[in-house]
Amino acid sequence: MCHAPTPIGPQGTHYARCFPCNSGRYSTALRGFVPICYSVHEGLEGALWRVKNEDASSWLQLPLASLLWTFLNSHLKCIEGAYGGAFDLGVTVPSSKQRNGVNHLDALLSCIQTWPVPWKRGLLTKMRSEPAAERRQQIVSDLFSADPSVNGRRILLLDDTFTSGGTMASAAHALRDAGASCVVGISFGRQLNVNREEARDLISELPQRPLDLETCRVHGMSEVDLFFMG
Ligand SMILES: [Zn+2]
Ligand SMILES: [Zn+2]
């Protein structure tokens, strides 16, 4: 799902999927997760942090919105094909940081008039404000609360970045709790942590790897293809 670098198994080869994806830990809440690209400290992560926290960096909304628009226009069909069909709504994961009273991701989305998925504001509310570090790799069931209007809807859920996946999975849990029939996550970045040994080779390759927007993680895949990927 997240295409993170994975640890080396007993046979000396990498596992096909990272532990949270493979164990099914998140899968009751999150049907799938598709990052646009990898993110590293001082790279995309830095841009995402600045657009969220610094007024002087609000211009970064434009290239980020453009990146997301380009990605969705090319690959929304792939994501829908891999995870059960068209989405009814797009929802952002709220943060404690707002820009003019609007969640910073909703502000970013408002830079572009026409999206291939109907984004709707205010459907998720953050109920607690502890730092992300305290909820690594787990679903916190009362971290978010979702509006009852998501009942029966298929939701595309956007967050900045996916590190351990705990925030995304907790937001998906709240949506499912309110009756959403399916939640699939996307993010700008799949964060790679330099302190994790399995990520180091990949991080060192990234400067030579061009950003490829021609394909996506589920490019042209059906649900059956995904199933056989394990
Ligand atoms: Zn994963
Ligand atoms: Zn694709």
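Being a predicted model, the structure only gives us computed values, none of them experimental.

Moving on to the overall build of the chain. The number of helices and strands found in the chain is seven helices and eight strands. Taken over the C-alpha trace, the chain has a radius of gyration of 17 Å; the compact-globule value for 230 residues is 17 Å, and the two agree within 12%. With the C-alpha coordinates aligned to their principal axes, the bounding extent of the chain is approximately 50 × 40 × 35 Å. Each of the 230 residues in the chain was classed as buried or not, and the buried ones make up 47%. Long-range pairs, those at least 24 residues apart, make up 76% of the contacts in the chain between residues at least 6 apart in sequence. As presented, the chain carries roughly 11,500 Å² of accessible surface, and 51% of it is formed by carbon and sulfur atoms.

Judged by nonpolar contacts, the single largest core of 35 residues is most densely connected at Leu 68, Leu 72, Ile 79, Trp 119 and Phe 188. Counting only elements with at least two residues in this core, the list comes to β1 (32–39), α2 (44–53), α3 (61–82), α4 (104–109), β7 (154–162) and β8 (182–191). Ranked by residue count, the leading element in this core is α3, at ten residues. Within the second largest apolar cluster, 29 residues are counted, among which are Tyr 26, Ala 29, Leu 124 and Ala 171.

As a further point, take the coordination of the zinc ion (ligand 2). In the first shell of the zinc ion (ligand 2), the protein supplies His 75 (ND1), Cys 78 (SG), Cys 216 (SG) and His 219 (ND1), at 2.1 to 2.4 Å from the metal. Of note is the zinc ion (ligand 2), whose four donor atoms meet at the metal with angles of 96 to 124° in an arrangement that counts as tetrahedral. Taking relative accessible area as the criterion, Cys 216 reaches 11% and is therefore assigned buried.

Counting buried positions along β7 yields eight of nine residues, so the element is predominantly enclosed. When strand β2 (residues 89–92) meets β7, the two strands line up parallel, connected through four bridges. Counted as the bridge partner of Val 91 is Leu 157 from β7. Alignment of β7 against β8, held across eight bridges, turns out to be parallel. When the bridges of β8 are listed, Ile 155 appears paired with Val 183. Regarding topology, helix α5 (residues 166–177) serves as the crossover connection from β7 to the parallel β8, and that connection is right-handed.

Taken residue by residue, the chain gives an average pLDDT of 89. The fraction at 70 or more is 96%. Mean pLDDT across the elements of the chain ranges from a minimum in helix α1 (residues 19–23), with 72, to a maximum in β2, with 98.

The subject of this paragraph is the environment of Leu 48. Tracing the backbone through its elements, the reader meets Leu 48 in helix α2. The spatial distance from the C-alpha of Leu 48 to the C-alpha of Arg 121 is 20 Å, given a sequence separation of 73 residues.

Where helix α6 (residues 197–205) is concerned, the buried positions are Ala 199, Leu 202 and Ile 203. Projection of α6 onto a plane perpendicular to its axis shows the buried side chains occupying an angular sector of 105°, all on one side. Across α6 from its buried face, at more than 90 degrees, point the exposed residues Glu 197 and Asp 201. Residues of α6 that are buried make contact with β1.

Analysis parameters
Per chain, residue numbering runs from 1 following the sequence as it is written. Whichever chain is written first is A, and whichever ligand is written first is 1; the rest continue in order. Totals for whole chains, interfaces and linings use all residues, but because this is a predicted model, local features are given only for residues with pLDDT of at least 70 and pairs of side-chain atoms are given and counted only at 80 or more. As a convention, hydrogens and water are excluded, and side-chain values are obtained from all of the structure's heavy atoms. Helix and strand definitions follow DSSP, with helices as H or I runs of at least four residues and strands as E runs of at least two, each counted in order from the N terminus. Atoms considered for the radius of gyration are the C-alpha atoms alone. The globule rule reads 2.2 Å times the number of residues to the power 0.38. Three exposure classes are used, based on accessible area relative to the maximum for each residue type with a 1.4 Å probe and protein chains only: buried under 20%, partly exposed in between, and exposed over 50%. It only takes one pair of heavy atoms within 4.5 Å for two residues to be counted as in contact. Note that accessible areas follow from Shrake-Rupley with a 1.4 Å probe, and for residues the cover is restricted to the protein chains shown. To form a nonpolar core, buried Ala, Val, Leu, Ile, Met, Phe, Trp, Tyr and Cys residues must be joined to one another through side-chain atoms within 4.5 Å. Sites may look incomplete because water is not among the atoms; the donors themselves are N, O and S atoms within 2.8 Å of the metal, or within 3.2 Å for Na, K and Ca. Geometry is assigned from donor-metal-donor angles: four donors are tetrahedral when every angle falls between 85 and 135 degrees, four are square planar and six octahedral when opposite donors sit over 155 degrees apart with all other angles between 65 and 115, and any other arrangement is irregular. Paired strands, in this sense, are two strands between which DSSP finds at least two bridges. With its strands directed away from the observer, a crossover is right-handed exactly when the path from the first strand over the helix to the second travels clockwise. A score between 0 and 100, pLDDT records how confident the predictor is in each residue. An arc is given here, and it is the one of the directions from the helix axis to the C-beta atoms.

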